[in-house]
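Close look at the chain arrangement
The lines below spell out each chain.
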Amino acid sequence: MIVAGPGDTLSVKDGHPVVDGVEKTDEPYTIPCGNAGACNMPRTIKIPPGHYFMMGDNRGASDDSRFWGPVPEDWIIGEAFATYWPPDRIGFL
C-alpha cells in the first residue's frame with residue numbers, strides 16, 4: 001500500500017510509517033512488526049517528485065520500499081478494488 005507520496009518526509013517506527021512527523025498507528029490490517037530489523041527506519045527521507053513509498057501489510061516480512069526505495073508513479077499499474085482478509089471485511093472498496 002502507498003504510505004507516503006511526493007514531497008512527504010518519512011521514517012518508520014516499529015513498523016508504522018511516520019509521515020511528516022505524524023506516526024500512523026491506526027492500521028488494523030497490518031501484522032505487527034515484531035523484532036525484525038526492517039521494523040525501524042529512523043533516518044527520515046523525503047519522497048522525490050513522481051514517486052511513492054510502498055509498505056506491505058506483513059511489516060516484519062515484507063520486501064517493500066524500505067528495501068528498494070520509493071517507486072516511480074509510472075510503475076504503479078493497478079488499483080485495489082476489493083478486500084478478502086480478514087473475513088469480516090470481505091467486500092468491494
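Refer to the preceding data block for the structure.
Everything in this summary refers to the structure shown in the same document. For clarity, every value in this text was computed on a predicted model and none was experimentally measured.

1. Section: the overall build of the chain
Tallying secondary structure elements over the chain gives one helix and nine strands in all. Once the C-alpha set of the chain is aligned to its principal axes, its extents read approximately 35 × 35 × 20 Å. A buried classification covers 35% of the 93 residues belonging to the chain. Counting only contacts in the chain whose residues sit at least 6 apart along the sequence, the fraction spanning at least 24 positions is 52%. Here the chain has roughly 6300 Å² of accessible surface; of this, 57% comes from carbon and sulfur atoms. Where the 7 positive side-chain charges of the chain centre and where its 13 negative ones centre are 6 Å apart.

2. Digging into the pattern of salt bridges
Enumeration over the complete set of coordinates arrives at three salt bridges. Here Glu 27 ties to Arg 59 by a salt bridge, and the two come within 3.0 Å at their closest N and O atoms. A residue pair is termed long-range when its members are at least 10 positions apart, and Glu 27 in the loop between strand E4 (22-23) and strand E5 (41-46) and Arg 59 in the loop between strand E6 (51-54) and helix H1 (65-68) qualify at 32 residues. Glu 27 gets classed as buried once you look at its relative accessible area, which sits at 5%. The class of Arg 59 is buried, set by a relative accessible area of 1%.

3. Points about the sheet that holds E5
Read across the open sheet, the four strands follow the order E4-E3-E2-E5; overall the sheet is antiparallel. The open sheet has two free edges, formed respectively by E4 and E5, since each of these has just one partner strand. Strand direction decides the pairing type here: strand E3 (residues 16-19) and E4, joined by two bridges, are antiparallel. Within the sheet, the bridge partner assigned to Val 18 lies in E4 and is Glu 23.

4. What to know about the pairing of strand E2 (residues 9-13)
Pairing geometry for E2 and E5, over three bridges, is antiparallel. Among the inter-strand pairings, Val 12 is bridged to a residue of E5, identified as Met 41. Taken together, the four bridges between E2 and E3 define a ladder with antiparallel strand orientation. Bridge pairing in E3 links Lys 13 to His 16.

5. Overview of the nonpolar core
Counting 10 residues, the largest nonpolar core is built from Val 3, Ala 4, Leu 10, Val 12, Val 19, Met 41, Ile 45, Ile 47, Phe 53 and Met 55. Where this core is concerned, the elements lending two or more residues are strand E1 (2-4), E2 and E5. If we ignore the near neighbours within four places in the chain, the residues touching Met 41 are Leu 10, Ser 11, Val 12, Phe 53 and Arg 66.

What counts and what doesn't
Residues numbered from 1 in each chain as written. Predicted model: local features only at pLDDT ≥ 70, side-chain atom pairs only at ≥ 80, totals over all residues. Heavy atoms only, no water. Helix = DSSP H or I, 4+ residues; strand = E, 2+ residues; numbered from the N terminus. Buried < 20%, exposed > 50% of the residue type's maximum accessible area, 1.4 Å probe, protein only. Contact = heavy atoms within 4.5 Å. Areas by Shrake-Rupley, 256 points an atom, 1.4 Å probe, with all protein chains shown as cover. Lys, Arg positive; Asp, Glu negative; His and termini not counted. Charge placed at Lys NZ, Arg CZ, Asp CG, Glu CD. Salt bridge = Lys/Arg side-chain N within 4 Å of Asp/Glu carboxyl O. Pairing = 2+ DSSP bridges. Core = buried A, V, L, I, M, F, W, Y, C linked by side-chain atoms within 4.5 Å.

Note that every value here comes from positions in space, so none of it alone points to a role or purpose.
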